Amino acid sequence: MTMLPEEPSAKKLGLVIDLDICVGCHACVVNCKEWNTGSEGAPLSDVNAYGAQQTGAWLNRIHTFEVKTDSTAQVVHFPKSCLHCTDAPCVTVCPTGASYKRVDDGIVLVNEDHCIGCGLCAWACPYGAREMDPVEQVMKKCTLCVDRIYNENLPEEDRVPACVRTCPTGARAFGDLGDPESDVSQLVRDRGGFDLMPEQETSPVNKYLPPREKRHLIASDRSQSESSTEQQSPDMNGFWGWVDTTLAKLG
Amino acid sequence: MKAQPAINTQPKVSDEVRQTTCYMCACRCGINVHLKDGDIRYIEGNRNHPVNQGVLCAKGSAGIMQHNSPARLRAPLKRVGPRGSGQFEEISWDEALETATQWLGEIRQKDPRKLAFFTGRDQSQALTGWWAQQYGTPNFAAHGGFCSVNMAAAGIYTLGGAFWEFGSPDWELTQLFMMFGVAEDHDSNPIKMGIGRLKDRGVRVISVNPVQTGYSAVADDWVSITPGTDGLLIQSLIYELLRTNQIDLDYLIRYTNAAWLVIDAPGTEKHGLFSRNADGDPQVLCRTTGQLISHRGRGIIPNLTDATVDPDGVRLVSVFSLMIEAWLSEEFAPEATESRTGVPASRVRQLAAELAQVAFEQEIEIPIEWTDWKGEKHQSMKGRPVSMHAMRGISAHSNGFQTCRALHILQLLLGSVDVPGGFRFKPPYPKSVEMHPKPAGHANTIQPGQPLSGAPLGYPRSPDDLLIDDEGRPVRIDKAFSWDAPLSAHGLMHMVISNAHAGDPYPIDVLFMYMANMAWNSSMNSAGVIEMLTDIDAETGDYKIPKLIYSDAYASEMVAYADLVLPDTTYLERHDCISLLDRPICEPDAVADAIRWPVVELKRNVRGFQSVLLDLGARLGLPGMVDESGAPMYRDYADYIMNHQRKPGVGPLAGFRGTGGESGRGEPNAKQLDAYIENGGFWMHELPDAARYYKAQNADYQQFAVEMGFYDAPAPYVYQIYSEELQKFRLAAEGFGSTQPPEHLRERVHQSFTPLPEWYAPFEGEMVSESEFPIYALTQRPMAMYHSWGSQNPWLRQIHGHNPLFVSSEIARQHAITDGDWVWVRSHHGRIKVQAVVMHALNPNTVWTWNAIGKRKGAWQLDPDAPEATKGFLLNHLIHELLPERGDGLRWANSDPITGQAAWYDLKVSIEKADPNDPGVYPEFPTIEAPGNLIKPASTVTYGVQFQTKKGERS
Amino acid sequence: MRPAWSIIVFTSLSGLGLGLLFWFGLGFVAINDPIDVILFTVLGVMAVSVGLMSSLLHLGHPERAWRALSQWRSSWLSREGVCAVATILCTLIYSVVWYIDGERPSTLGLVVATLSLVTVWTTAMIYASLRTVLRWYHPLTPWVYLALSVCGGLLALNAWEQVIVGQSSLTEITTIGLVIAFAVKLIWWKRAGNQQSESTPETATGLGSLGQVDLLMSPHTEENWLQHEMGFVVARRHIHRLSQIAVALAFVLPLAALWSGVSWLIVLIPIIHFAGILIERWLFFAEAKHVVTLFYGERH
Ligand SMILES: Nc1nc2c(c(=O)[nH]1)N[C@H]1C(S)=C(S)[C@@H](COP(=O)(O)OP(=O)(O)OC[C@H]3O[C@@H](n4cnc5c(=O)[nH]c(N)nc54)[C@H](O)[C@@H]3O)O[C@H]1N2
Ligand SMILES: Nc1nc2c(c(=O)[nH]1)N[C@H]1C(S)=C(S)[C@@H](COP(=O)(O)OP(=O)(O)OC[C@H]3O[C@@H](n4cnc5c(=O)[nH]c(N)nc54)[C@H](O)[C@@H]3O)O[C@H]1N2
Ligand code: SF4
Ligand code: SF4
Ligand code: SF4
Ligand code: SF4
Ligand code: SF4
Ligand SMILES: [Mo]
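The following paragraphs examine the structure supplied in this document.

About the thresholds
- Residues numbered from 1 in each chain as written.
- Chains lettered and ligands numbered in written order.
- Predicted model: local features only at pLDDT ≥ 70, side-chain atom pairs only at ≥ 80, totals over all residues.
- Heavy atoms only, no water.
- Near = heavy atom within 4 Å.
- Nonpolar A, V, L, I, M, F, W, Y, C, P; charged D, E, K, R; others polar.
- Axes fitted to C-alpha atoms, helices over the stretch in contact; angles between N-to-C directions.
- Helix = DSSP H or I, 4+ residues; strand = E, 2+ residues; numbered from the N terminus.
- Parallel < 35°, antiparallel > 145°, perpendicular 65-115°, else oblique.
- Left-handed = near helix turned anticlockwise from the far one by under 90°.
- Contact = heavy atoms within 4.5 Å.
- Polar contact = N/O pair within 3.5 Å; in protein donor to acceptor, adjacent residues only side chain to side chain.
- Areas by Shrake-Rupley, 256 points an atom, 1.4 Å probe, with all protein chains shown as cover.
- Pairing = 2+ DSSP bridges.
- Salt bridge = Lys/Arg side-chain N within 4 Å of Asp/Glu carboxyl O.
- Buried < 20%, exposed > 50% of the residue type's maximum accessible area, 1.4 Å probe, protein only.

1. Some thoughts on the site of ligand 4
Logical step 1: The immediate surroundings of ligand 4 are formed by C94, P95, T96, A98, S99, C115, I116, G117, C118, G119, C121 and M139 of chain A.
Logical step 2: When the residues that make up the shell around ligand 4 are grouped by side-chain class, the tally is 8 nonpolar, 4 polar and no charged.

Here it is as structure tokens:
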């Protein structure tokens, strides 16, 4: 199974993450941990939980970047989890077959019972989407909440990944990116969705939507504007005249 | 290809789902708690809940870890070592309650003021305030005074309702959203959901904030303002709107006091008051007849322009003309303000133009017929789809009250308050200041063994309502409602400990606190506060604050300073009620309240604080808590929630009352809590369509409000651009009236109580040398952490284990600071050593850090070498509760002069690179011992492993 | 990348062992007595399997290591496992047949030699196929492993001969081996070390069109597993010093010792060389940067 499916599945389930909306609240991160630590696999454990160098296994993380030009600085909150790549290098390097890409829907999973914890798949993943569980010593990664999205024990509207369901701003969308007519594909087309590190040739399924154009100037714009504006004094008589005419209209 | 592993895509999630209310912060979202074998399997948002509609934030999602925290207190504790040592002995509830009853009983019979009862992050103020009232002490408040009272009070005095969680933008209809100084808010999830929805609709979001993170980062337009100058920026915007004739005159006339006439008789006791007719109604000048008439008349078109005289020959001018005089003045031209605000004139113009463009060219109308308070019928509801929101960025400054008033006036000029697309009130707001009680507890009304005549907190309307004695001395320990802070509607929690320590205005005997970490992050000058708590009176040999009772659920820094600890449950183990009588959770279109109930079994010897309080009340024989025979009236809080009535038919919960499930008013219902549980933990009742907007002036809404029990008769009103209440205080400062400010405060009261808001520079910046302390220092709320109490959470503390100081690239350049450098930060009060990170998207004169991440060693069951203590820090060590000494030897509180709001964000500092060979935070405090009976924290957490047996069972 | 000792020891030791077996397979080994065949086999196989064992230490679940043999169709790690096992098995058969027959089964020997090289190649390809680690992702990487392995084997062989026969005859060829290995490594250092990464924080985030991208806040304030594993940083001056030591130990000193004619020195050469290779291997990891660090504020 460590080979990628010979025929990539037509169905490509994945996430679309809107960088224009994400406020960096970490809700998706913690809810993901909460859902998955009680899931079928081993718990997502934490070490030094109450001490120094606290750390643990998570399937989703939020980075915060500053994007700068000479006159602008834009803070971008950047969620990152497994992109369920079509050409997933993490799968092909796995010596045991524990890592595999599902034939049905393209979800990349780890069979924890077979995983030897060699870590090679994490080396192969360009995105840092795999983390070794510090206690169980098996590889952990986003499952796309495969135990939610098909789960008939959940109400239909809840059959979406935990991170998507919980995201307060709605910055995360879930769907079939293999279907050009799906909502998510539409979104990607409309908003110029892009791949992370295309040069790594992993063909990620997950897409990112860019921040829309902003006026996030940093202080240096002050001097420019000063010269470009000239002061206009208010015209008192004109103002009272306007008030009078307006009142007349009301009456 | 071999077959792929068969995986269980259909696991059973839980045995049972219980719906209650989150309490990882004050937003109070609805949650579904999934239980499996008695353990919490998963917590998710409740989709039907009005607040969060299914979403859940990071903190809420970490509830499992909070609930299972090793820092949870386990039993009542009696201090056995010195204060602050953390040495305690476990005692029984009987002993604890007896001790408290004895301490409190004695002073109640002698002088109930000797009890100061302050309740921090209380969500049951309807109970705790009432308890204080029944006990008979005026010394009660919750955390509002150091939190956002500027916002709350400015809202009430101006609009009859505040931003905060008392109103919200019309997320569905607004076309432009402007935010001032918001990082996270109490309305955490709703704001995020709202911003998300605006983005979906392509609506522009503008954020005015010195720091660009979170909401400001996704804003389409980020305005990097110099801290403390929003009032100026807003007045510049007003100037621009006036200059370009872009204001909503019709709205101003109908819904505000713009047309009201003000007496212009400088030097007299009437100057600046409204001209009133014989019935006491404010008057306007009729444009057609030239007569003075009551503003209550229908269809009046007033004359706004011309001054007039009353029958006594006194000159009268309209509020509107005063506004024009005040704001159409060159001093507010964008060019004149840009150097102070840091917002270029061109951008101010752009912003003003944008506001006007959306307000006036994108007017919306929804076809709902409604009747206004004068009986006039309107075919539709007209909306100006500009909405605004503000939080502590403007409120936590010493000019915050007036800044917030200015902001409300800007909204009114645009005609966008409680209209479609604008800022909307959430019932039971709006409610004019007249409808709010005045503070009770006048010096001569306090009687030993007797309850107070009313609630300790309220809204004074003139100097006569102040709580001062005949010599003008404060009645309250926090000096609320005194000339120090006349409109301190939420009290001044941040002054309690220092005043009690100084015995000023008088010493107290028992300090009773609930849910406030005053020995650490909620105090200014934390090190000083720690000293005050442990300071010994040389005469008595006892502590200066002799007895300290504290209720916390966890081993916080504050616990170590208590003499008696009343351990609370976690939020999943107790009954609570989120009441309309307190800070409600309503939506603009619906009235709502909610409960918490024990969804997991309690396995420690702890009790819900509210039940304990009722028990104490009964032991003390407080009226309303015992029946005629002296027996307790309420079994516990749950019993109280269902059976207590404030007035006939109105109780803590408004839903499922009576036998027929009445809403709002109705007899107590013994099955009420069951009905709430059945309904998902909350109750919601939608407003009729005609009542949805213009609530303050809307006859349909007023009727609805009466039915719901918000008040007993319709109480419509118009918004107060010009505040006569403030003018009354000003007149007192000018020497009129029987109650006047003491000499040392006269000038300050006169300057700050302007009936139209005026901007003044924040006090600290004015009092310290600009060259010595040129830099502004702020904190922000991290979205994934709640004050001090999130650090005990192993998940959240991985996200925020310590906090750097973010310094602007400009400051970094000046001081050659690079990421990771240790820097000394100095204020007039102290110095700290911290690690810096350089940030570009930041006001050039500003540094900031995350709030309350730094921890005291030993607290919260964290290892003493946890990064929270070794790298994390508090800015609070630089902030003093008093301003630097003035020439006259007096020190003013570091607060807003009107409301007493703590001016956290006035802080000015200097920065200097530290010796790289001497890294580490300064100051360091000795480790405090945790109470000995706590469970030992595990080093490894594998939550969910208990479900593993189940995991094997593939279905 | 974090230089984990288990992996360093594994690649170095099994590399050396496989080098030995390569020459052994070719019959290029001094045998005085049939028992020497067994002795030599034990030496070579020991080196390879101690290396393998050490690599197992690196695993979270060594008890499941056998599963790693299953994915030879796509995984270099799996291929390495398969090849290593095959090499060891063939060697054992080869040497038993040789010992019993007293005659070297040369075809089988060829198989052993080939398998040895292939195993080294597969080990190297584990690294060389990782696009995420640019320094490794270079066509020369497997050649370096191969050259070092073969050269190491040669040095050991030379020492063996010195011990068994009391003198060594491989000075010239060993010199050639050393020079070639050194040259290959040198070229690798120049080439692989100076590749310009296509991946940048800008491509990692896709935000390059908006400006320069820098990390402001990490997702977590303390180091996590990813950073621990892939964010290893070592000061440039340490790298410089260590590379000098590595070159000295692995190549220069062995060369000098080889030509010194001092017999005990000649016996010590493999050990000196091996010490150099350990440092070389440490640097191989320590100097390599993983693209994931771009998300954590690094710029390659
Ligand atoms: N520098 C700086 N300082 C600030 C601020 C700032 O912006 N900058 N903000 C200020 C503001 S606005 C506020 S509101 C304060 C907040 O500061 P605090 O009021 O101190 O808030 P918390 O840290 O949340 O602590 C409240 C206490 O409640 C306890 N607690 C939690 N859950 C329960 C429970 O269920 N029952 C009981 N009985 N106790 C419980 C916690 O353990 C904790 O000890 O901080 C203020 N301090
Ligand atoms: N996650 C989380 N949520 C919380 C809390 C928490 O601790 N964690 N605390 C709760 C409490 S008690 C409160 S009071 C609320 C507070 O909610 P907020 O008011 O949203 O929180 P603060 O972090 O105080 O944010 C103040 C913002 O104002 C900006 N600011 C500072 N000075 C100025 C200024 O002069 N002008 C302008 N325009 N902006 C300025 C700061 O940069 C910051 O972004 O949050 C509540 N919600
Ligand atoms: S993101 Fe990483 S872990 Fe996920 S499929 Fe792609 S390479 Fe594999
Ligand atoms: S860590 Fe597990 S999943 Fe990853 S490559 Fe190794 S065996 Fe495969
Ligand atoms: S899809 Fe599920 S597993 Fe993946 S990041 Fe979201 S919540 Fe986590
Ligand atoms: S929950 Fe949504 S808004 Fe919050 S960090 Fe995740 S993606 Fe961003
Ligand atoms: S905002 Fe978060 S922590 Fe606060 S009540 Fe809602 S879910 Fe709970
Ligand atoms: Mo607050």
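Moving on from the coordinates now.
2. A word on the packing of helix α9 (residues 230-243) of chain B against helix α12 (residues 334-341) of chain B
All names here are of chain B.
Logical step 1: Contact pair α9 / α12: the axes reach a minimum separation of 10 Å and the direction vectors enclose 165°. As far as their axial angle goes, α12 and α9 are roughly antiparallel. Considering only the axes of α9 and α12, their crossing is left-handed. Touching L232, L233, S236, Y239 and E240 of α9 are P334, T337, R340 and T341, all from α12.
Logical step 2: Partitioned by chemical class, the residues of the contact of α9 with α12 number 4 nonpolar, 3 polar and 2 charged.

3. Observations concerning the site of ligand 2
Residue and element names in this part refer to chain B.
Logical step 1: By nearness alone, 30 residues border ligand 2, and G228, D230, Q780, R781 and Y905 come closest of all.
Logical step 2: Backbone polar atom of A183 to an oxygen atom of ligand 2: 2.7 Å apart, as the coordinates give it.
Logical step 3: Take V208: an N or O atom from its main chain is 3.0 Å from a nitrogen atom of ligand 2.
Logical step 4: Protein chains bury 100% of the 910 Å² of accessible surface belonging to ligand 2 in isolation.
Logical step 5: Among the secondary structure elements, those contributing two or more residues to the shell around ligand 2 are α14 (392-395) and β29 (775-780).
Logical step 6: Class assignment of the residues belonging to the shell around ligand 2 gives a composition of 15 nonpolar, 8 polar and 7 charged.

4. Things to note about the pairing of strand β34 (residues 908-913) of chain B
All names here are of chain B.
Logical step 1: Strand direction decides the pairing type here: β29 and β34, joined by 2 bridges, are antiparallel. Bridge pairing links I775 to V909 in β34.
Logical step 2: Both strand β31 (residues 822-826) and β34 contribute to a ladder of 4 bridges, which runs antiparallel. Bridging across to β34, R826 finds its partner in S910.

5. Concerning the sheet that holds strand β28 (residues 682-686) of chain B
Consider a sheet: its strands pair through backbone hydrogen bonds, and that pairing is either parallel or antiparallel.
Residues and elements named next belong to chain B.
Logical step 1: Pairing within the open sheet is antiparallel, and its 3 strands lie in the order β26-β27-β28. Looking at which strands have only one partner, the edges of the open sheet turn out to be β26 (576-578) and β28. Averaged over all adjacent pairs, the angle separating strand axes in this sheet is 10°, with direction ignored.
Logical step 2: Here β26 runs beside strand β27 (residues 590-596); their pairing, made up of 3 bridges, is antiparallel. The partner of C577 across the bridge, within β27, is I595.
Logical step 3: Against the sheet, helix α21 (residues 699-708) engages β27 and β28, with an angle of about 150° to β28.

6. Some thoughts on the sheet that holds strand β7 (residues 140-141) of chain B
Residues and elements named next belong to chain B.
Logical step 1: The sheet built from 7 strands is open, its strands ordered β5-β4-β25-β24-β23-β6-β7 with mixed pairing. The sheet is open, and its two edges are formed by β5 (88-90) and β7, each paired on a single side.
Logical step 2: Sheet topology note: the strand β4 (residues 77-79)/β5 ladder contains 3 bridges and is antiparallel. What sits directly across from K78, in β5, is E89.
Logical step 3: The sheet strands contacting helix α4 (residues 125-135) are β6 (115-118), β7 and β23 (510-514), and the helix crosses β6 at an angle near 170°.

7. So, the pattern of salt bridges
Logical step 1: Per the counting criterion, the structure on display carries 75 salt bridges over all chains.
Logical step 2: Between D105 of chain A and R102 of chain A there is a salt bridge, with the nearest N and O atoms lying 3.0 Å from each other. Both residues of the pair, D105 of chain A and R102 of chain A, belong to the buried class.
Logical step 3: Residue R746 of chain B is joined to E743 of chain B by a salt bridge in which the shortest nitrogen-to-oxygen separation is 2.9 Å.

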